[in-house]
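# Tertiary structure, described
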Amino acid sequence: MKMDRLEEMFALQQAFNESIIASRGLEHVSRQEWMQKHTLALICETAEMLEETNYKWWKNRKPVDEAALKEELVDMCHFFLSLCINAGLDARELHEMYLKKNQVNFDR
């Protein structure tokens, strides 16, 4: 059976996380600490993405580097997926919860 795109992303992120833990000897890091570390990394990547958007209204605008903007969004995705994995949230459950919350948002 073919894996869908979101499932593939989760599987690749899980494999990457496991390789980092093994290669850097991080087996002792608790789930709670990983949640904290991944949240901080996501915040940093979000700030890097923000830097690509001309949010500083007081400065002269520069052309937006679309490739850099997209790269930062992908970096954010890596850490978001790691957070999901650490929280025990898989692709199927994320999709189901997204659909439910999306409906709530539309119903408001």
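Structure: above.
We now turn to the structure provided with this report. (Residues numbered from 1 in each chain as written. Predicted model: local features only at pLDDT ≥ 70, side-chain atom pairs only at ≥ 80, totals over all residues. Heavy atoms only, no water.)

### Details of the packing of helix H1 (residues 5-23) against helix H3 (residues 66-86)
Relative orientation of the contacting elements H1 and H3 amounts to 85°, with a least axis distance of 9 Å. If you check the angle between H1 and H3, you find them roughly perpendicular. Between H1 and H3, the contacting residues are Met-9, Phe-10, Gln-13, Gln-14 and Asn-17 on the first element and Cys-77, His-78, Leu-81, Ser-82, Cys-84 and Ile-85 on the second. Residues of the contact of H1 with H3, tallied by class, amount to six nonpolar, five polar and no charged. (Axes fitted to C-alpha atoms, helices over the stretch in contact; angles between N-to-C directions. Helix = DSSP H or I, 4+ residues; strand = E, 2+ residues; numbered from the N terminus. Parallel < 35°, antiparallel > 145°, perpendicular 65-115°, else oblique. Contact = heavy atoms within 4.5 Å. Nonpolar A, V, L, I, M, F, W, Y, C, P; charged D, E, K, R; others polar.)

### Examining the state of the cysteines
Summed over the entire model, instances satisfying the criterion amount to zero disulfides. Here Cys-44 is not cross-linked by a disulfide; its sulfur's nearest cysteine counterpart is in Cys-77, at 17 Å. Among the residues examined, Cys-44 registers a relative accessible area of 46% and is labelled partly exposed. You can see Cys-84 has no disulfide; the closest cysteine sulfur is in Cys-77, sitting 8.7 Å from it. (Disulfide = S-S within 2.5 Å. Buried < 20%, exposed > 50% of the residue type's maximum accessible area, 1.4 Å probe, protein only.)

### Notes on the packing of aromatic side chains
Aromatic ring pairs are defined here through the distance separating the ring centres and the angle between the ring planes. Taken as a whole and judged by the stated rule, the model has one aromatic pair. Ring geometry for Trp-57 and Trp-58: centres 4.7 Å apart, planes at 90°, overall edge-to-face. Each member of the pair, Trp-57 as well as Trp-58, carries the same accessibility label: exposed. (Phe/Tyr/Trp six-rings, centres within 6.5 Å; stacked < 30°, edge-to-face > 60°.)

### Some points on helix H4 (residues 91-107)
Over its 17 residues, H4 runs 24 Å from end to end, which matches the ideal 24 Å to within 8%, given 1.5 Å per residue. The N-cap residue of H4 is Asp-90: its side-chain oxygen and the backbone nitrogen of Arg-92 are 3.3 Å apart. (Expected span 1.5 Å × (residues − 1). Polar contact = N/O pair within 3.5 Å; in protein donor to acceptor, adjacent residues only side chain to side chain.)

### With respect to the pattern of salt bridges
Oppositely charged side chains may form a pair once their charged atoms are brought near each other. Evaluation of the coordinates by the stated rule reveals three salt bridges. Between Glu-33 and Lys-37 there is a salt bridge, with its nearest N and O atoms 3.3 Å apart. One end of the pair is Glu-33 and the other is Lys-37, both in helix H2 (residues 31-51) and four residues apart, which spans about a single turn. Given a relative accessible area of 31%, Glu-33 falls into the partly exposed group. Residue classification places Lys-37 among the partly exposed residues on the basis of a relative accessible area of 38%. The salt bridge involving Glu-96 is made with Arg-92; its shortest N-O contact spans 3.0 Å. Taken as a pair, Glu-96 and Arg-92 lie in helix H4 at a separation of four residues, close to a single helical turn. Relative accessible area serves as the criterion here: at 38%, Glu-96 is assigned to the partly exposed category. On the basis of relative accessible area, Arg-92 is assigned to the partly exposed category, the value being 47%. (Salt bridge = Lys/Arg side-chain N within 4 Å of Asp/Glu carboxyl O.)

### Examining a negative patch on the surface
On the surface, a cluster of negative charge is made up of Asp-4, Glu-7, Glu-8 and Asp-90. Along the chain, the position of Glu-7 falls in helix H1. (Patch = residues over 30% accessible without salt bridge, like charges linked within 9 Å, V, L, I, M, F, W, Y side chains within 5 Å. Areas by Shrake-Rupley, 256 points an atom, 1.4 Å probe, with all protein chains shown as cover. Lys, Arg positive; Asp, Glu negative; His and termini not counted. Charge placed at Lys NZ, Arg CZ, Asp CG, Glu CD.)

Read these as spatial facts, not as claims about activity.
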